[in-house]
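Below, each chain spelled out in residue letters.
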There are 4 protein chains.
Amino acid sequence: MSDSTETRTSWLSGDDLEVVRGQVPLVYVEAVPVRVDGAGRVVDVGLLLRVRPDGTISRTVVSGRVLHGELVRDALLRHLEKDLGPVALPRLPQTPAPFTVVEYFPDPSVTGYHDPRHHAVSLAFVVPVDGDCQPSQEALELTWLTPGEAIREDVRSEMTGGHDRLVRLALAHCGCLP
Amino acid sequence: MSDSTETRTSWLSGDDLEVVRGQVPLVYVEAVPVRVDGAGRVVDVGLLLRVRPDGTISRTVVSGRVLHGELVRDALLRHLEKDLGPVALPRLPQTPAPFTVVEYFPDPSVTGYHDPRHHAVSLAFVVPVDGDCQPSQEALELTWLTPGEAIREDVRSEMTGGHDRLVRLALAHCGCLP
Amino acid sequence: MSDSTETRTSWLSGDDLEVVRGQVPLVYVEAVPVRVDGAGRVVDVGLLLRVRPDGTISRTVVSGRVLHGELVRDALLRHLEKDLGPVALPRLPQTPAPFTVVEYFPDPSVTGYHDPRHHAVSLAFVVPVDGDCQPSQEALELTWLTPGEAIREDVRSEMTGGHDRLVRLALAHCGCLP
Amino acid sequence: MSDSTETRTSWLSGDDLEVVRGQVPLVYVEAVPVRVDGAGRVVDVGLLLRVRPDGTISRTVVSGRVLHGELVRDALLRHLEKDLGPVALPRLPQTPAPFTVVEYFPDPSVTGYHDPRHHAVSLAFVVPVDGDCQPSQEALELTWLTPGEAIREDVRSEMTGGHDRLVRLALAHCGCLP
């Protein structure tokens, strides 16, 4: 998630966000997009190929900040639309409980989940998408991978910040970690 | 769930099922059908009006046995189709974990969940349905109720066997217990 | 949770917290303390009697902010110790996923969960405590109530901000909502 | 789990169990024993070294059948005591919902979870044990492994029937899959 995008939809200028970042953990949401079959089984996992703030290319899941005054569900929908386009038709879960909580720190040794910018507490959800995904200009590509492909060593090496582990936790939650 | 229906799709005659029932707990699935809004929030709960084996009328959720050799997901789909018709378009959850497990006993004092026929261990799921529900001849009617209506005293009194509690657990799981 | 307590353990002066509160949602944790039997069943729920910022008396659960740089588990332990004393012996869950997420807003009409001070996203956990609970001076009393007592109308009327609903969601999660 | 043990505590003779096995899925429980630190984090996973019905040696988790008339919690306690001894002090979860459901079939190609004897639907739980574990004569040894050790290729190769995957799902549920 780039800050330029965030700034357009939030009430914080870049400067204000910098100040807040040093004072409290930020609330994030993350969505692991999946394709499911008629019985709800996960068939494919969607990974975004994108440029991270440090300029490197990486595969990642849908992710972004919850704004002041925004509901978690609305933040999820907003970031899904931003990353997958307006006709992806995401199916948000009924329960407000995430399948896991991921804690990102500037120091990667704390939890293994790493964000150089700040301390963030992220609520992670598995989200089936039925529609046509059209990644925005920020995301270069969306690739659908089978669970077996998503945990391959070469794919995992393209995920940073701990997202490869997050994807495996999502697959495990769905009972389809190979 | 009537035994006549079960018998048609299973490999057990009524007599054999009687014998098995006294020897091991049966595996059941239960689905609380819901209507959701675009952000995944539960808007309505679907309750079936049906005639129970003892002849009384009651409101209930989708429920039935898992057959020998049948996957839990397939049993869920089969019972949803049997009770809601072929075009209900149920959305099964990705996780194989039920939101709760309900244990039915012939003695209602054990858990509060009661089935006069047998000991059953039931995996309960919340299942959004998008399509047109056409209850089968066994279910007389399907009624969509708001969470507030579904927990009203008069509606609860029409549910037996502990199903009123199951509906409240489902609403709580979805964060919308009033 | 009073701000005076928070200020002692955090890196924010009261003024700074005021500024941040208007800019981002704060991360909170909530713990519903329970007594369990040898099979893990919830026998009693612990409710704190305390003075809220507006001077009214209310029953509440253990609650507080996650600080910058603090792990969710450490925040839970800190608030449990602050509210229940140093020998309560809380048993934190193994999973990092809360049983529900509660969103507090200054406007009570948004979610029904209300905090006049700020927008907070709260991760809620059920936490068995085995030891001797000695509420701090802020909490006047800790009362253990059976599930049936905890949902009684008079007890619910002593909980504000939506905590009565949170307690019912916790009981439902544990399968013991009466 | 050997049938001889089961037969002593159930109301089924070996012959009767054979008959029932071919007619309905059996209800099983599985417990992944863990050691936790003061903040509830999983530090070690306990694996039993045991002789399986086919004579091979394998590492496995605590597992067994739910008997007719028996509560799931009581079955969990019974199998934990049988496999870990009477002073293991297992801490059963408050929620009746398993973290996953595993479906065992005689045909290993159906789900990847394999039991040559029957179709079983197994409710899986993570169970912290605080006490001294004394595996019974059936289990030759109990080994505590770190999450990293438990998913090592050589350890996984000693688990059969899909138990290596079950252990990884348990670690993922606890947020500590390496």
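See above for the structure.
Residues numbered from 1 in each chain as written. Chains lettered and ligands numbered in written order. Predicted model: local features only at pLDDT ≥ 70, side-chain atom pairs only at ≥ 80, totals over all residues.

Draft legend 1. Geometry of the interface of chain C and chain B. At the junction of the two partners, chain C supplies eight residues and chain B supplies eight residues. At five residues, the largest contribution of residues to the side of chain C that touches chain B is made by helix H6 (residues 163-173) of chain C. For the side of chain C that touches chain B, the per-class residue count stands at three nonpolar, three polar and two charged. (Contact = placed C-beta atoms within 7 Å. Helix = DSSP H or I, 4+ residues; strand = E, 2+ residues; numbered from the N terminus. Nonpolar A, V, L, I, M, F, W, Y, C, P; charged D, E, K, R; others polar.)

Draft legend 2. Representation of the interface of chain C and chain A within the structure. In this assembly, 23 residues from chain C lie in contact with 25 residues from chain A. Among the elements that make up the side of chain C that touches chain A, the one with the highest residue count is strand E5 (residues 100-104) of chain C (three residues). Across the side of chain C that touches chain A, the residue classes break down as 16 nonpolar, five polar and two charged.

Draft legend 3. Spotlight on the packing of helix H6 (residues 163-173) of chain A against helix H6 (residues 163-173) of chain D. Between H6 of chain A and H6 of chain D, the shortest axis-to-axis distance is 9 Å and the interhelical angle comes to 115 degrees. You can see that H6 of chain A and H6 of chain D cross each other, and the crossing is left-handed. Here H6 of chain A contributes Arg 168, Leu 169, Ala 172 and His 173 of chain A to the contact with H6 of chain D, which in turn contributes Arg 168, Leu 169, Ala 172 and His 173 of chain D. (Axes fitted to C-alpha atoms, helices over the stretch in contact; angles between N-to-C directions. Left-handed = near helix turned anticlockwise from the far one by under 90°.)

Draft legend 4. H6 of chain A, seen in detail. Residues and elements named next belong to chain A. Of all eleven residues in H6, eleven are buried, a share of seventy percent or more. Looking at H6, one finds that the buried residues are His 163, Asp 164, Arg 165, Leu 166, Val 167, Arg 168, Leu 169, Ala 170, Leu 171, Ala 172 and His 173. Phi for Gly 175, located one or two positions after H6, is positive at around 70 degrees. (Buried ≥ 20, exposed ≤ 12 C-beta atoms within 10 Å, placed from the backbone.)

Draft legend 5. How the structure looks around the relation of the copies chain C and chain B. Expressed as a screw operation, the relation of chain C to chain B combines 0.0 Å of axial shift with a rotation of 180 degrees, fitting to an RMSD of 0.0 Å. Classification of the inter-copy transformation places it as that of a two-fold axis. Minimal C-alpha separation from the rotation axis in chain C is found for Ala 172 of chain C, amounting to 3.1 Å. A high fraction, 100%, of the interface residues of chain C reappear at the interface in chain B, so the copies pair face to face through one surface. (Least-squares fit on C-alpha atoms with pLDDT ≥ 70 in both.)

Draft legend 6. How the structure looks around the environment of Leu 145 of chain D. Residue and element names in this part refer to chain D. Tracing the backbone through its elements, the reader meets Leu 145 in strand E7 (residues 139-145). Residue class for Leu 145 comes out partly exposed when judged on the 16 C-beta atoms lying within 10 Å of it. Between the C-alpha atoms of Leu 145 and Leu 77, which are 68 residues apart in sequence, the distance is 22 Å. Setting aside residues up to four positions removed in sequence, Leu 145 forms contacts with Asp 44, Val 45, Leu 47, Ala 150 and Val 155.

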